[in-house]
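Here is what each chain is made of, one letter per residue.
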Amino acid sequence: MKWEDQRQSDNVEDRRDGGGGGGFGGGRGIGGGRGLSLGGIVIALLASWAFGINPMTVLGLMGGGAAPEPAPAARSHTGAKLQDEGGRFVSAVLADTEDVWAAYFAEQQQKYPPPALVLFRGRSNTGCGLGEAAMGPFYCPADRKVYIDLAFYDTLRDRLGAPGDFAQAYVIAHEVGHHLQNLQGTTAKMDAARQRVSERDYNALSVRLELQADCYAGVWAFHSQQGKGWLEKGDIEEGLNAAAQIGDDTLQRKSQGTVVPESFTHGSSEQRTRWFKRGLESGDLKACDTFKSGPV
C-alpha cells in the first residue's frame, strides 16, 4: 500500500504512554494485563475474537465474572500527528475510511459521523468496560470508538499467518464496519436478540454480523482503490488471506484440533473470504445483507 503520503485522521486518540512506540507492532506480544496467562488463553480469545462484539464478555466468563480492575491512567493525545510508523499507518487508513464513508453517505443525503480510534498498550478503559490487548482489536458501540494495541499486528503476522500492510488495513476497515452497523441500528437489534434467543441462535446471528462487517470492509477497499489507487500488487491477496486466517474453523483447528460449527461466532474461513470479496467486487453496501433468510 502506498500510504506514507496520505492524510492522517484527526480522530486518533493515542494512549500509548504519550504516543511513543516504533514499528507496526511496537515490539510487544499480545496481552499484558494482570490476571491473563498467555498460551492457551490467547488462542481461546482469538478464537472468540469479537471483532467488534464486546469481548469483555469473554474475559468476564473466563475470570469467573469478577469486576475488572480499573485501567491505569494514561496520557491521551487526540488529533496530534503521530510520529511512529505504526501510528501513522493506522491514522492514514482511518482517514481513508472517513473519506470513503463520508462520500458514500453524502450520496444518500446523509452525514457520516466517523468513529475515533484509540491506540493503547496492554489495557485501556472503554465505554464497554476494561479493554485488554489480548482481546484483539474491537469496536465499542457505547463510545463509538475502535480500540487497538498495535502489538496485535505482530500476532496477526507471526501467529496467525497473515502478514502485510493491507491485512492490517482490513482489520481497521472491519472494525469501522461495525461502526456502520451501529449507525444503522443493527447493533441495537443484536443486543435485543441476545435477550430472547438461545446461545446457539445468537451465535448464528453473530456470524451474520461479522460477515457483514467483512463485506463492508470489502466495499471500503473498492471505493478506496478507485479514489486513491494506493493498493499494489498482492495487497488484495493479503486481505483475503487475513480473512481466511481468522475464520472460526481455522482458529478452532489451531487452538483445539477440532472444529465445532455450532459454536462459530464469526464465520468460517470460506465465508469470511467470500463476503469480503463480495463487498470488494460490488462496492455496494446493499450487497452485504447477510441477514437475509437462507444460508450465508
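Everything here concerns the structure above.
A quick note: this is a predicted structure, and the numbers were derived from the prediction, not measured. (Residues numbered from 1 in each chain as written. Predicted model: local features only at pLDDT ≥ 70, side-chain atom pairs only at ≥ 80, totals over all residues. Heavy atoms only, no water.)

A. Representation of the nonpolar core within the structure. Counting 56 residues, the largest nonpolar core has Trp 101, Leu 117, Tyr 153 and Trp 220 as its most contacted members. Mapped onto this core, the elements with two or more residues apiece are helix H3 (85-107), strand S3 (116-119), strand S7 (145-148), helix H4 (152-158), helix H5 (165-184), helix H7 (199-228), helix H8 (235-245) and helix H10 (269-282). Aside from chain neighbours lying at most four places away, what touches Trp 101 is Tyr 112, Val 176, Leu 180, Tyr 216, Val 219, Trp 220 and Leu 285. Core analysis: the second largest hydrophobic core is formed by seven residues, Phe 120, Ala 133, Met 135 and Phe 138 among them. (Core = buried A, V, L, I, M, F, W, Y, C linked by side-chain atoms within 4.5 Å. Buried < 20%, exposed > 50% of the residue type's maximum accessible area, 1.4 Å probe, protein only. Helix = DSSP H or I, 4+ residues; strand = E, 2+ residues; numbered from the N terminus. Contact = heavy atoms within 4.5 Å.)

B. Summary view of the side chain of Asp 235. Relative to the helices and strands, Asp 235 is located in helix H8. Buried charge without a salt bridge: Asp 235, with Lys 2 as the nearest opposite-charge side chain at an N-O distance of 8.7 Å. If we ignore the near neighbours within four places in the chain, the residues touching Asp 235 are Met 1, Asp 165, Phe 166 and Trp 230. (Lys, Arg positive; Asp, Glu negative; His and termini not counted. Salt bridge = Lys/Arg side-chain N within 4 Å of Asp/Glu carboxyl O.)

C. Structural context of H5. Here H5 contains 20 residues, and its C-alpha end-to-end distance of 29 Å stays within 8% of the 28 Å for a straight helix at 1.5 Å per residue. Within H5, 18 of the 20 residues are buried, which leaves it mostly tucked inside the rest of the structure. Phi turns positive, to about 90 degrees, at Gly 185, one or two residues after H5. (Expected span 1.5 Å × (residues − 1).)

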